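Chain and residue survey
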Amino acid sequence: MTTQKMIELIAVLTAVRDDVPQVMTIDHGRLLPSGPLESTHRSLQAGVRAWVERQTGHPIGHVEQLYTFADHDRLLGAEQGRMIAISYLALTRSHAGETGWRDWYDYFPWENCKTDAGRDCLTIIERLLCKWVAGMDNAAVRVRQWQRCVTLFAIGDMVAWNDELVLQRYELLYEAGLVAEAGCTPESTVPGRAMHHDHRRILATGMARLRAKIRYRPVVFELMPEEFTLLQLQRVMESLSGVHIHKQNFRRLIMQQQLVEETGGIEEHTGGRPARLYRFCGEVRQARYLAGTKIPLAQP
């Protein structure tokens, strides 16, 4: 018997507002904008755009395919077949008064290493992972799994935090039964808002992709206003990566790569000295899109 397949289109629509990375959600923050591929959609991308605008009223700019999910837990049943989810990363600018936007770190508080709340969450996770590993019967498995925990969550002083491993960290917590989506009780879960189905996993995939891309592609252009200060640009990069950036190294590389140009304007309302306003160079945007750029995200 031929298995029927239903294709679901899911959007990780991301914006940055007041230095906070946000994701557009529906159903009171429990789902990402999504819907089935319909015969009227002329393409997959057209379909995901249509669903986002229909459900949120928000048009989207930059869109790229993320990943196709067809795991066994997406089975619809013997008669319906299997659900295949094709996810997309979309970037935009949020506007005041819009509903549905949620802070990235409401779902993944441990990914924001810049805050005390994020660091406290990591302390809780380390304790719970240690307990999980200690309960394993096989010594070799314990060693292997603990090394995995150490690597992904940078436990101890020998391993550096890798901000791009968002999905791998979530999947480890799922495997350890420490997130609500794994069916564990509320008292045994780590902090972080749950989502229906596998939408938090898909959000993790989108976060990881964007964190990787801001190092090598100028996708951050889609998230910035037309004019900005270098400090504003740095803060957006920090908010997306969840780590502090070395200020002088960041500015030096931005200027060396000629990514921005002065507008001649001044931002007076900085809380300190007035700052020069910049914009992205038009020709650099196209050139960097093809060749890539590397923006430093190393912690000081």
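Overview of the structure. This is a predicted model, so every value here is computed, not measured. (Residues numbered from 1 in each chain as written. Predicted model: local features only at pLDDT ≥ 70, side-chain atom pairs only at ≥ 80, totals over all residues. Heavy atoms only, no water.)

1. Some words on the overall build of the protein chain
In terms of helices and strands, the protein chain carries 9 helices and 9 strands. Across the protein chain, every contact between residues at least 6 apart in sequence was considered, and the portion connecting residues at least 24 apart equals 65%. Element-wise, carbon and sulfur atoms account for 50% of the exposed surface of the protein chain, whose accessible area totals about 15,300 Å². (Helix = DSSP H or I, 4+ residues; strand = E, 2+ residues; numbered from the N terminus. Contact = heavy atoms within 4.5 Å. Areas by Shrake-Rupley, 256 points an atom, 1.4 Å probe, with all protein chains shown as cover.)

2. Observations concerning the packing of helix α6 (residues 199–216) against helix α7 (residues 230–241)
One way to put it is that α6 packs onto α7 with a least axis distance of 9 Å and a crossing angle of 145°. The way α6 lies across α7 gives a crossing that is left-handed. The segment α6 lies against α7, with Leu-210, Arg-211 and Ile-214 engaging Met-237, Leu-240 and Ser-241. A per-class count over the contact of α6 with α7 returns 4 nonpolar, 1 polar and 1 charged. (Axes fitted to C-alpha atoms, helices over the stretch in contact; angles between N-to-C directions. Left-handed = near helix turned anticlockwise from the far one by under 90°. Nonpolar A, V, L, I, M, F, W, Y, C, P; charged D, E, K, R; others polar.)

3. What about the pattern of salt bridges?
Counted by the stated rule, this structure contains 12 salt bridges. Asp-116 is the partner of Arg-119 in a salt bridge, and the nearest nitrogen-oxygen pair spans 2.6 Å. Of this pair, Arg-119 and Asp-116 are both found in helix α3 (residues 116–134), 3 residues apart, which corresponds to roughly one turn of the helix. In the salt-bridge network here, residues are joined through shared partners; they are Glu-64, Arg-209 and Lys-213. (Salt bridge = Lys/Arg side-chain N within 4 Å of Asp/Glu carboxyl O.)

4. Observations concerning α3
An ideal rise of 1.5 Å per residue puts 27 Å on 19 residues; α3 measures up with 27 Å between its terminal C-alpha atoms. Buried residues of α3: Gly-118, Cys-121, Leu-122, Ile-125, Leu-128, Leu-129, Trp-132 and Val-133, and no others. Looking straight down α3, one finds its buried side chains confined to an arc of 135°; they lie on one side. When the buried face of α3 is taken as reference, the exposed residues oriented beyond 90 degrees from it are Asp-116, Thr-123, Arg-127, Lys-131 and Ala-134. Contact partners of the buried residues in α3: α4 (139–153) and α5 (166–175). (Expected span 1.5 Å × (residues − 1). Buried < 20%, exposed > 50% of the residue type's maximum accessible area, 1.4 Å probe, protein only. Arc of directions from axis to C-beta.)

5. What to know about the packing of aromatic side chains
Inspection of the entire model under this criterion finds 7 aromatic pairs. Each ring, one from Tyr-170 and one from Tyr-174, has its centre 6.4 Å from the other, and the planes form 55°; the classification is tilted. Pair noted here: Tyr-170 and Tyr-174 are both in helix α5, with a separation of 4 residues, about one helical turn. The ring of Trp-161 is capped by Arg-169, whose NZ or CZ atom sits 3.8 Å from the centre of that ring. (Phe/Tyr/Trp six-rings, centres within 6.5 Å; stacked < 30°, edge-to-face > 60°. Lys NZ or Arg CZ within 6 Å of the ring centre and 35° of its normal.)

6. Things to note about the nonpolar core
One broad trend across soluble globular proteins is that nonpolar side chains are buried collectively. Residues Trp-110, Leu-129, Phe-153, Leu-173 and Leu-203 are the most contacted members of the largest nonpolar core, which totals 68 residues. With residues near it in sequence (within four places) discarded, Trp-110 still touches Gly-118, Cys-121, Leu-122, Ile-125, Phe-153, Trp-161, Arg-169, Leu-173, Val-190, Pro-191 and Arg-200. Counting 14 residues, the second largest nonpolar core, distinct from the first, contains Ala-15, Val-48, Ile-60 and Ala-90. (Core = buried A, V, L, I, M, F, W, Y, C linked by side-chain atoms within 4.5 Å.)

7. A look at unusual backbone geometry
Residues other than glycine seldom take positive phi values, yet Ala-154 does so here, at roughly 50°. Within the secondary structure, Ala-154 is located in the loop between α4 and α5. Phi angles above zero are rare outside glycine, and His-197 is one such case at about 55°. Mapped onto the elements, His-197 comes out in the loop between α5 and α6.

8. Focus on the side chain of Lys-213
Checked against the element boundaries, Lys-213 lands in helix α6. Since its relative accessible area comes to 17%, Lys-213 is described here as buried. Excluding its chain neighbours within four sequence positions, the residues that come into contact with Lys-213 are Glu-64 and Val-219.

9. Some remarks on the packing of α3 against α4
Their axes nearest at 9 Å, the elements α3 and α4 cross at an angle of 170°. Relative to α4, the element α3 lies roughly antiparallel. On the side of α3, the interface is formed by Leu-122, Ile-125, Glu-126, Leu-129, Cys-130, Trp-132, Val-133 and Ala-134, while α4 contributes Arg-142, Gln-145, Trp-146, Cys-149 and Phe-153. Residue composition of the contact of α3 with α4, by class: 10 nonpolar, 1 polar and 2 charged. (Parallel < 35°, antiparallel > 145°, perpendicular 65-115°, else oblique.)

10. So, the pairing of strand β2 (residues 20–24)
With 4 of its 5 residues buried, β2 lies for the most part within the structure. Where β2 and strand β7 (residues 101–103) come together, 3 bridges link them in antiparallel fashion. Considered in β7, the bridge of Gln-22 is made with Asp-103. (Pairing = 2+ DSSP bridges.)

11. Here's the deal with the state of the cysteines
Evaluation of the coordinates by the stated rule reveals 0 disulfides. Cysteine Cys-130 shares no disulfide, and the gap to the nearest cysteine sulfur, in Cys-149, comes to 8.8 Å. (Disulfide = S-S within 2.5 Å.)

12. A look at the environment of Phe-153
With respect to the secondary-structure elements, Phe-153 resides in helix α4. Put simply, Phe-153 and Ile-125 are 28 residues apart on the chain and 8.6 Å apart in space, counted from C-alpha to C-alpha. Once residues lying within four places of it in the same chain are set aside, the contact partners of Phe-153 are Trp-110, Leu-122, Ile-125, Leu-129, Trp-161, Arg-169, Leu-172 and Leu-173.

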